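Letter by letter, the chains look like this.
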Amino acid sequence: MRIALLFAAAFLASAVEMVEALTIVLAVGLTRGWRSTLAGAGAAAIVLAALVGALGPALTLVPIDALRLVVGGVLLAFGLQWLRKAILRAGGCLAHRDEDRIYERERERARRAADGERAGLDWYSFTIAFKGVLLEGLEVALVVVAFAADRGGSVAITAAAAGAALVLVAGAGLLVRAPLGRVPENTLKLAVGLMLTTFGTFWGGEGAGVSWPGGDAAIPVVLAVYLAVSAALVRLLRRDRLVAA
Amino acid sequence: MRRAAALARFSWELVAGDDWLVAVGVVAALCLTAAVAHDHVRAWWLMPVAVVGLLALSIRRAARRLRAPHTSRSSRSG
């Protein structure tokens, strides 16, 4: 159960961020050419893999309770950010992310950008693809590393989940050669936010010295409570919006 | 020096996001839980209660800010 939830959380988090990175890579690649764009995206992927490869095993050297406390705090900070944004969007307070609009904006920027070659690469394409993939992937890389704090070290499982998401999203992008605007990003964000917040609560609590009633069985209970609270908050926001209209 | 400041700002924005109160609240809740659990008092309920409270407070603050006239929407689109 715990392993399945970890895998799902890492897979969904990676898929959402990769959909966002794909929009940027496609816009630049289709506008200015693929060689420099793919070089930039590949360089960012190497940096992220190196980060996971270096930090994952290093975490095993830290005392487990201290590690869980820090990792729980980080997961809670990330999870609550995702959850907050998804609830505000579902409640109608924030506009939904529009991949098609972002894609057109990035294409326009790429068309207008000046040509400039460095080391045989179109520098604009390289840096935009590099930054896009690195910034979207950094949070996921930290989440994957954070899961290494789990008993037995789950970094391999979560790294595999991230890899599977990469293959799926990149494959879909190659097939349609357009941003994946139909992906229900906000629902996925809500699911990821719920799972990160749940694991953050569980590990943070364990690191703080808490004994959870029922052990691992507390994880789905906490998840259900957060889901119910999130649904209630969305309903409240929608009702307030109707009253204000 | 400028790069170090930019890195510090980026790290803070990565962790704190759009509402710094949530990050500060999480740290406070973990410290409180550790203090209570240290005295061998059952403290497992503290974290979920704190998380629900922080989430509700943050949503309320954001909803008020976003509905108020002449305020910009969330700075990050991700």
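1. Notes on the overall build of chain B
Reasoning step 1: If you tally the helices and strands in chain B, you get 3 helices and 0 strands.
Reasoning step 2: Mapped from its N terminus to its C terminus, chain B presents α and β elements in the order α-α-α.

2. Some thoughts on the overall build of chain A
Reasoning step 1: Per the secondary structure count, chain A includes 8 helices and 2 strands.
Reasoning step 2: Ordering the α and β elements of chain A from the N terminus gives α-α-α-α-β-β-α-α-α-α.
Reasoning step 3: Here the C-alpha radius of gyration of chain A, 20 Å, is about what a compact globule of 245 residues would show, namely 18 Å.
Reasoning step 4: Principal axes of the C-alpha set define a box for chain A whose edges measure 60 × 55 × 25 Å.
Reasoning step 5: Counting the 245 residues in chain A, one finds 50% classified as buried.
Reasoning step 6: Long-range contacts, defined here as pairs at least 24 residues apart, represent 87% of the contacts in chain A between residues at least 6 apart.

3. Points about the confidence of the model for chain B
Reasoning step 1: When the pLDDT values of chain B are averaged, the result is 84; 87% of them are 70 or greater.
Reasoning step 2: Mean pLDDT across the elements of chain B bottoms out in helix H1 (residues 2–16) of chain B (81) and peaks in helix H2 (residues 20–38) of chain B (94).

4. Describing the packing of H2(B) against helix H3 (residues 46–67) of chain B
All names here are of chain B.
Reasoning step 1: Packing of H2 against H3 leaves a shortest axis separation of 10 Å and a crossing angle of 160 degrees. Considering the angle they form, H2 stands roughly antiparallel to H3. Handedness of the crossing formed by H2 with H3: right-handed. Contacts between H2 and H3 involve Leu21, Val22, Gly25, Val26, Ala29, Leu32, Thr33 and Val36 on the former and, on the latter, Leu46, Met47, Ala50, Leu54 and Ser58.
Reasoning step 2: Of the residues that constitute the contact of H2 with H3, the class distribution is 10 nonpolar, 3 polar and no charged.

5. Some thoughts on the interface of chain B and chain A
Reasoning step 1: Each partner contributes to the interface: chain B provides 32 residues, whereas chain A provides 32 residues.
Reasoning step 2: Of all the elements, H3(B) adds the most residues to the side of chain B that touches chain A, at 13 residues.
Reasoning step 3: The class makeup of the residues in the side of chain B that touches chain A is 22 nonpolar, 7 polar and 3 charged.

6. Considering the nonpolar core
Residues and elements named next belong to chain A.
Reasoning step 1: Ranked by internal contacts, the top residues of the largest apolar core, which has 95 residues, are Ala10, Val143 and Val144.
Reasoning step 2: A total of 17 residues in this core trace back to one element, the largest contributor, which is helix H1 (residues 2–32).
Reasoning step 3: When near neighbours in sequence (up to four residues on either side) are disregarded, alanine 10 contacts Val143, Val144, Phe147, Thr158, Ala161 and Ala162.

7. Regarding helix H5 (residues 123–146) of chain A
Residues and elements named next belong to chain A.
Reasoning step 1: For H5, built from 24 residues, the straight-helix expectation of 34 Å at 1.5 Å per residue is met to within 8% by its first-to-last C-alpha distance of 33 Å.
Reasoning step 2: Taking the largest bend as the criterion, H5 deviates by roughly 40 degrees, centred on leucine 138.
Reasoning step 3: In terms of burial, H5 is largely enclosed, as 18 of its 24 residues are buried.

8. Examining helix H6 (residues 155–176) of chain A
Residue and element names in this part refer to chain A.
Reasoning step 1: A rise of 1.5 Å per residue sets the reference length of H6, with its 22 residues, at 32 Å; its end C-alpha atoms lie 31 Å apart and thus fit the reference within 8%.
Reasoning step 2: Tucked inside the fold, the buried residues of H6 contact H1, helix H2 (34–59) and H5.
Reasoning step 3: Positive backbone phi, approximately 50 degrees, marks arginine 177, located one or two places after H6.

9. A closer look at the environment of Asp100(A)
Residue and element names in this part refer to chain A.
Reasoning step 1: The residue aspartate 100 is located in helix H4 (residues 99–112) in this model.
Reasoning step 2: Classification of aspartate 100 as partly exposed rests on a count of 13 C-beta atoms within 10 Å.
Reasoning step 3: For the pair formed by aspartate 100 and glutamate 17, sequence separation is 83 residues and the distance between their alpha carbons is 15 Å.

10. Observations regarding the environment of Val221(A)
Residue and element names in this part refer to chain A.
Reasoning step 1: Its location among the elements puts valine 221 in helix H8 (residues 218–244).
Reasoning step 2: On the neighbour-count criterion, valine 221 (14 C-beta atoms within 10 Å) is partly exposed.
Reasoning step 3: A C-alpha to C-alpha distance of 9.3 Å links valine 221 and threonine 198, two positions 23 residues apart in sequence.

11. A short note on the environment of Val36(B)
Residue and element names in this part refer to chain B.
Reasoning step 1: Inspection of the secondary structure assignment puts valine 36 in helix H2.
Reasoning step 2: The sequence separation of valine 36 and arginine 64 amounts to 28 residues, and the corresponding C-alpha distance is 34 Å.
Reasoning step 3: Among residues more than four places away in sequence, those in contact with valine 36 are Val41, Ala43 and Leu46.

12. Focus on the packing of H1(A) against helix H7 (residues 185–207) of chain A
Residue and element names in this part refer to chain A.
Reasoning step 1: Between H1 and H7, the least distance of the axes is 9 Å, while the angle of their chain directions is 140 degrees. One finds that H1 runs oblique with respect to H7. In this structure, H1 crosses over H7, and the sense of that crossing is left-handed. Mapping the contact onto sequence places Leu5, Ala8, Ala9, Leu12, Ala13, Ala15, Val16 and Val19 in H1 and Glu185, Leu188, Lys189, Ala191, Val192, Met195, Leu196 and Phe199 in H7.

Cut-offs used in this document
- Residues numbered from 1 in each chain as written.
- Chains lettered and ligands numbered in written order.
- Predicted model: local features only at pLDDT ≥ 70, side-chain atom pairs only at ≥ 80, totals over all residues.
- Helix = DSSP H or I, 4+ residues; strand = E, 2+ residues; numbered from the N terminus.
- Rg over C-alpha atoms; globule rule 2.2 N^0.38 Å.
- Buried ≥ 20, exposed ≤ 12 C-beta atoms within 10 Å, placed from the backbone.
- Contact = placed C-beta atoms within 7 Å.
- pLDDT = per-residue confidence, 0-100.
- Axes fitted to C-alpha atoms, helices over the stretch in contact; angles between N-to-C directions.
- Parallel < 35°, antiparallel > 145°, perpendicular 65-115°, else oblique.
- Left-handed = near helix turned anticlockwise from the far one by under 90°.
- Nonpolar A, V, L, I, M, F, W, Y, C, P; charged D, E, K, R; others polar.
- Core = buried A, V, L, I, M, F, W, Y, C linked by C-beta atoms within 7 Å.
- Expected span 1.5 Å × (residues − 1).
- Bend = angle between axes of the 7 residues up to and from the residue.

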